[in-house]
Amino acid sequence: MEKIKIGLIGLGTVGSGVLEMVSNNQAKISNITGRELVIKTIAVRNVAKHRSEVSDDIILTDNVDDIINDPEIKIAVEVMGGIDPAKEIITNLLNAHKHVVTANKDLIASHGDELARIARKNNADLVYEASVAGGIPILRTIVNSFAADEILEVKGIVNGTTNYILTQMQQKKWSYEDALKKAQELGFAESDPTNDVAGIDATYKMIILSQFSFGSHLALDDINIEGIQNIKLEDVAQAADFGYTIKLLGIAKRVGEGVFAEVAPVLVPSDHPLATIHNENNAVMVTGQAVGETLFYGPGAGGLPTANSVLSDIVSVTKNIALGTTGNTFNNYQHESEPIDKGDVIYPYYLSLQMLDVPGQILKVTKLMMEIGASFSQIVQTKANDTDARVIFITHAMSKKQLATLKAEIDKFDTIELRAAYKVLGE
């Protein structure tokens, strides 16, 4: 049986999972592809550190050129992460006519178009199923199963760290700080968790999902981003009393001929499927014009789940090699999107205000709402401290322009402070 030799760049959690799965699933892979997969070379930063993890028949090197310049290696798997030097390495691999499988969401979201052009020029495959939602095969599903349907919206929980933190805040009544500390102890959060908790990681994934769903090419600056760092336990509890769960959601939807995308905390009705996704799990909901709402759920991270997506890409590339059909773009859908006015996008909102506990304060906010043409559906007042009241509003649908005006006018009051403003889903 013909052997397809592979170079692996990186041997962390995902890389080790790929090595394990190639070894354990060889019989099935050979049955499907008619080829035997062989990991020939692994490039790592510290050879001595990893020598005991790798069998003697695999070359272990600290020089990635040993993979780039090896004519026997047909597929290179990049699981080192980060944009630099990964971009240069993948560029060199493609120019060496090697097919590339990567799980690098930051790189694909930022430079995917450029790398795809280089891949086409060299008749090479560039695939990256594992870059979004770990073990959930969402990208290939969108390419294949939604090819004949128009996707209207894609939304979901695409970051396991933030979902774990919010789950603990809801279920165990932990503060954000305590939940984050536990996430770090369990390895769900990095020592510097900014990329996750500030919503950056989720935004990279939504950029990729938008490319596949709408054919659009969004940049970080095109997306409204808000993380979970400022969510208070009292807001989690109050949302639950209203019948909602707070989740960090990525939302991208078609608005006219354009695309609106946002990553932010959202109040999700407790009976909504996304409200039932707990801990480090991910879920992506795709709404098609014909099929309606579909939900894809599974582990969003972890060595073996993510390695499974990487291996599915390796198998796909191996099939293309066997059939002589390499060089096709992973995502061929391209659609020109017109700019949209984000201020016109409407949602209901959860507003948490702290105000001086004297008569007339709520009336001030009510008058402002009337002036901007918005209204409330629910109001709850509780005691904040000896002098202040905490007032929670859930509004009817209002535009971002109206919300911005409301915030600006409230800022003019010395006795009222807007503490939180979160979208509400499903109203």
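Structure: see above.
My aim in this report is to walk through the structure given alongside it, one point at a time. (Residues numbered from 1 in each chain as written. Predicted model: local features only at pLDDT ≥ 70, side-chain atom pairs only at ≥ 80, totals over all residues. Heavy atoms only, no water.)

**Digging into the overall build of the chain**
Part 1 of the reasoning: Along its length, the chain carries 15 helices and 18 strands.
Part 2 of the reasoning: Against the 2.2 N^0.38 benchmark of 22 Å for 427 residues, the chain shows a C-alpha radius of gyration of 24 Å, consistent with a compact globule.
Part 3 of the reasoning: Counting every position in the chain, which comprises 427 residues, the buried fraction comes to 55%.
Part 4 of the reasoning: Considering only contacts within the chain whose residues lie at least 6 apart along the sequence, 74% involve residues at least 24 apart.
Part 5 of the reasoning: Per element, the accessible surface of the chain, about 18,400 Å² overall, is 48% carbon and sulfur.
Part 6 of the reasoning: Here the chain contributes 38 positive and 54 negative side-chain charges, whose respective centroids are spaced 2 Å apart. (Helix = DSSP H or I, 4+ residues; strand = E, 2+ residues; numbered from the N terminus. Rg over C-alpha atoms; globule rule 2.2 N^0.38 Å. Buried < 20%, exposed > 50% of the residue type's maximum accessible area, 1.4 Å probe, protein only. Contact = heavy atoms within 4.5 Å. Areas by Shrake-Rupley, 256 points an atom, 1.4 Å probe, with all protein chains shown as cover. Lys, Arg positive; Asp, Glu negative; His and termini not counted. Charge placed at Lys NZ, Arg CZ, Asp CG, Glu CD.)

**Details of the packing of helix H7 (residues 138-145) against helix H11 (residues 200-214)**
Part 1 of the reasoning: Their axes nearest at 9 Å, the elements H7 and H11 cross at an angle of 10°. Our classification of the angle between H7 and H11 gives roughly parallel. Mapping the contact onto sequence places Ile138, Leu139, Ile142 and Val143 in H7 and Ile208, Leu209, Phe212 and Ser213 in H11. (Axes fitted to C-alpha atoms, helices over the stretch in contact; angles between N-to-C directions. Parallel < 35°, antiparallel > 145°, perpendicular 65-115°, else oblique.)

**Quick notes on unusual backbone geometry**
Part 1 of the reasoning: Cis rather than trans, the peptide bond between Asp84 and Pro85 has omega equal to 10°.
Part 2 of the reasoning: Examined against the element boundaries, Pro85 turns out to sit in the loop between strand E4 (73-78) and helix H5 (86-95).
Part 3 of the reasoning: Backbone geometry places Ala133, a non-glycine residue, at a positive phi of 60°.
Part 4 of the reasoning: At Asn279, a residue that is not glycine, the phi angle is positive and equals roughly 55°.
Part 5 of the reasoning: Along the chain, Asn279 falls in the loop between strand E10 (258-269) and strand E11 (281-288).

**A look at the pattern of salt bridges**
Opposite charge on two side chains permits pairing when their charged atoms draw close.
Part 1 of the reasoning: Inspection of every chain in the model, using the stated rule, returns 20 salt bridges.
Part 2 of the reasoning: Among the ionic pairs, Glu2 bridges to Arg35, the shortest N-O distance being 3.3 Å. Residue Glu2 is found in the segment before strand E1 (3-9), and its partner Arg35 is found in the loop between helix H2 (26-33) and strand E2 (36-43); the two are separated by 33 residues along the sequence.
Part 3 of the reasoning: A relative accessible area of 19% places Arg35 in the buried class.
Part 4 of the reasoning: Across the pair Glu129 and Arg140 runs a salt bridge whose closest N-O atoms are separated by 3.9 Å. (Salt bridge = Lys/Arg side-chain N within 4 Å of Asp/Glu carboxyl O.)

**Quick look at the side chain of Lys247**
Part 1 of the reasoning: Within the secondary structure, Lys247 is located in strand E9 (residues 244-255).
Part 2 of the reasoning: Notably, Lys247 is buried but unbridged: the nearest opposite-charge side chain belongs to Glu280, and the N-O separation is 11 Å.
Part 3 of the reasoning: Polar contacts involving the side chain of Lys247 include one to the side chain of Asn163, which spans 3.1 Å.
Part 4 of the reasoning: Only 2.6 Å separates the side chain of Lys247 from the backbone oxygen of Ile277, close enough to count as a polar contact. (Polar contact = N/O pair within 3.5 Å; in protein donor to acceptor, adjacent residues only side chain to side chain.)

**A closer look at the nonpolar core**
Part 1 of the reasoning: In terms of nonpolar packing, the biggest core is built from 104 residues, with Ile42, Ile138, Leu209, Val310 and Ile314 touching the most fellow members.
Part 2 of the reasoning: Of the residues forming this core, the biggest block, eight residues, is contributed by H11.
Part 3 of the reasoning: Within the second largest apolar cluster, 32 residues are counted, among which are Phe260, Tyr349, Ile372 and Ala374. (Core = buried A, V, L, I, M, F, W, Y, C linked by side-chain atoms within 4.5 Å.)

**Remarks on the sheet that holds strand E6 (residues 126-127)**
Part 1 of the reasoning: With parallel pairing, six strands are arranged side by side in an open sheet as E3-E2-E1-E4-E5-E6. The open sheet has two free edges, formed respectively by strand E3 (59-61) and E6, since each of these has just one partner strand.
Part 2 of the reasoning: Where E2 meets E3, three bridges bridge the pair, whose relative direction is parallel. By the bridge assignment, Thr41 is partnered in E3 with Ile59. (Pairing = 2+ DSSP bridges.)

**Here we look at the packing of aromatic side chains**
Part 1 of the reasoning: Tallied over the full model, the rule gives six aromatic pairs.
Part 2 of the reasoning: For the ring pair Tyr164 and Phe188, a centre distance of 5.0 Å and an interplane angle of 55° mean the geometry is tilted. Placement of the pair is Tyr164 in helix H8 (residues 160-171) and Phe188 in the loop between helix H9 (176-185) and helix H10 (194-197), with a sequence separation of 24 residues.
Part 3 of the reasoning: A residue is classified by how much of its surface remains accessible, and Phe188, at 28% relative accessible area, is partly exposed. (Phe/Tyr/Trp six-rings, centres within 6.5 Å; stacked < 30°, edge-to-face > 60°.)

**Description of H2**
Part 1 of the reasoning: Those residues of H2 that sit buried are Gln26, Ile29, Ser30 and Thr33. For H2, the angular spread of the buried residues around the axis is 95°, confining them to a single face. Of the exposed residues in H2, those oriented more than 90 degrees away from the buried face are Ala27, Lys28 and Asn31.
Part 2 of the reasoning: Considering only its buried residues, H2 is in contact with helix H1 (13-24), E2 and helix H13 (303-323). (Arc of directions from axis to C-beta.)

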